[in-house]
Amino acid sequence: MSLPTIKRVLLKLSGEVLMGGQQFGIDPAFVAELAKEVKAAKDTGLEICLVIGGGNIFRGMAGAAQGMDRAQADYMGMLATVMNALAMQNALEQIGVQTRVQSAIEMDKVCEPVIRRRAERHLEKGRVVIFAAGVGAPYFTTDSGAALRAAEMKCDALLKGTSVDGVYDSDPKHNPDAVRFDAVTYDRVLADNLKVMDASAVALCRDNQIPIVVFSIREKGNLARVLAGEGVQTIVQDS
Ligand code: UDP
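## Concerning the site of the ligand
Piece 1. Lining the immediate surroundings of the ligand are 21 residues, of which Gly15, Arg59, Asp74, Ala137 and Thr142 lie closest.
Piece 2. Backbone polar atom of glycine 54 to an oxygen atom of the ligand: 2.9 Å apart, as the coordinates give it.
Piece 3. Alanine 137 is positioned with one of its backbone polar atoms (N or O) 2.7 Å from a nitrogen atom of the ligand.
Piece 4. Starting from 520 Å² of accessible surface for the ligand in isolation, the protein chains cover 94%.
Piece 5. Tallied by class, the residues present in the shell around the ligand amount to seven nonpolar, 11 polar and three charged.

What follows is the structure, encoded as C-alpha cells:
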C-alpha cells in the first residue's frame, strides 16, 4: 500500500512528545526541534494543519480515575491542548513560520475560534494552522479532533506522530514479540481494537477515506522521511 500524493496534511502530535526527556509538561528545546521538522515539511510546499494533544499536561480519564467529574476533567484536558498549541506557535514563529491557532473553545485573547473558511485562507497564505481544544466537547480525544479537522479541511492524509513507530498486533511495551504492521485496514484496526487512535477517529477517517500514517516523531528527520514514503511507519487505509 502506498499513499496518494499529499498536498495538504494534518499532522497530529501526541502531547507527550512535547515533554522531550521530561516526565511532565513542555520542554521548549524539544518543541523547537519539532518546529524545525514542521518547517522543513512546509518548505517542501505542503499545506500543514496541526493538532496537538494534551496528555503531557492533563488527561480527562486520569482525572476521572481519581474521582473527578469526567466532563470537568475533559475540559481541563482541552485547555491543556491550547497551552501546547501556543507553545508550538511560539516555536514555529521564532523560526519564521507564520501560524494561526484556532481553538474549538473560544478564547479570543489568545487565539481565533475555529472557522473553516478562515483556516482555508490561512493555508492559502502559507500559514500553518494549529487547531486546539479537540472537537470542543468532553468524552472525545484530540485524535477525534484531528480526524474531524482532517475531514473538514480535506487533508490528503492524517499523520500521527507519536512515541511508537507504528501499529503493532499487541502492545510492544509489554510484549517483546509484538509485530508491527507496514499496512493495515481501518476495519482490522476497529475489529481487533488495535491501538492507533480511538474508534471514532478511525471510523471518521475510514468514512472519508483519509489514510492514517502512524510513525515516531521522536527520531530526528522522521517526518520528512515519512512524507517521502520512506522510513518506518504503519499506513492505515482500505486495501
Ligand atoms: N479532550 C476532550 N475533547 C476533545 C479533545 C480532548 O475532552 O475533543 C480532553 C480529554 O480529556 C483528553 C485531553 O483533552 O484526555 C487531552 O487530549 P488527548 O488525551 O487526546 O491528548 P494526547 O493523548 O494526544 O496527548
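## Here we look at unusual backbone geometry
Piece 1. Backbone geometry at asparagine 193 places phi at a positive 55°, although glycine is not the residue there.
Piece 2. By the secondary structure assignment, asparagine 193 is in the loop between helix H6 (186-191) and helix H7 (199-207).
Piece 3. In this structure asparagine 193 comes out as exposed when scored by relative accessible area, which is 54%.
Piece 4. Even without being glycine, glutamine 209 reaches a positive phi, approximately 50°.
Piece 5. Examined against the element boundaries, glutamine 209 turns out to sit in the loop between H7 and strand E8 (212-216).
Piece 6. On the basis of relative accessible area, glutamine 209 is assigned to the partly exposed category, the value being 47%.

## A closer look at the nonpolar core
Piece 1. In this structure, Leu13, Leu50, Met88, Leu92, Ile130 and Leu159 are the most contacted members of the largest nonpolar core, which totals 38 residues.
Piece 2. If you look at the next biggest cluster of nonpolar residues, it comprises 28 residues, including Ala147, Met153, Cys155 and Met197.

## Looking at the packing of helix H1 (residues 28-43) against helix H3 (residues 70-94)
Piece 1. Here H1 crosses H3 at 65°, and the two axes come no closer than 9 Å. Of the two elements, H1 crosses H3, and the hand of that crossing is right-handed. Where H1 approaches H3, its residues Val31, Ala32, Leu34, Ala35 and Val38 are matched on the opposing element by Ala87, Met88, Ala91 and Leu92.
Piece 2. In terms of residue class, the contact of H1 with H3 is built from nine nonpolar, no polar and no charged.

## Description of the packing of helix H5 (residues 142-152) against H7
Piece 1. Running from N to C, H5 and H7 point in directions that differ by 15°, and their axes come no closer than 8 Å. The orientation of H5 with respect to H7, classified from their angle, is roughly parallel. In the packing of H5 onto H7, the handedness of the crossing is left-handed. In this structure, H5 contributes Asp143, Ser144, Ala147 and Leu148 to the contact, and H7 contributes Ser200, Ala201, Leu204 and Cys205.
Piece 2. By residue class, the composition of the contact of H5 with H7 is five nonpolar, two polar and one charged.

## Comments concerning the sheet that holds strand E3 (residues 99-103)
Piece 1. With mixed pairing, the nine strands of this open sheet are ordered in space as E4-E3-E5-E2-E1-E6-E8-E9-E7. A single partner strand is all that each edge strand has here, and the edge strands are strand E4 (112-113) and strand E7 (183-184).
Piece 2. Contacting strand E1 (8-13), strand E2 (47-52), strand E5 (128-132) and strand E6 (157-162), H5 crosses the sheet at an angle of about 175° to E1.

So, how was this worked out
- Residues numbered from 1 in each chain as written.
- Predicted model: local features only at pLDDT ≥ 70, side-chain atom pairs only at ≥ 80, totals over all residues.
- Heavy atoms only, no water.
- Near = heavy atom within 4 Å.
- Polar contact = N/O pair within 3.5 Å; in protein donor to acceptor, adjacent residues only side chain to side chain.
- Areas by Shrake-Rupley, 256 points an atom, 1.4 Å probe, with all protein chains shown as cover.
- Nonpolar A, V, L, I, M, F, W, Y, C, P; charged D, E, K, R; others polar.
- Helix = DSSP H or I, 4+ residues; strand = E, 2+ residues; numbered from the N terminus.
- Buried < 20%, exposed > 50% of the residue type's maximum accessible area, 1.4 Å probe, protein only.
- Core = buried A, V, L, I, M, F, W, Y, C linked by side-chain atoms within 4.5 Å.
- Axes fitted to C-alpha atoms, helices over the stretch in contact; angles between N-to-C directions.
- Left-handed = near helix turned anticlockwise from the far one by under 90°.
- Contact = heavy atoms within 4.5 Å.
- Parallel < 35°, antiparallel > 145°, perpendicular 65-115°, else oblique.
- Pairing = 2+ DSSP bridges.

Everything listed here is a matter of geometry and, on its own, says nothing about what the molecule does.
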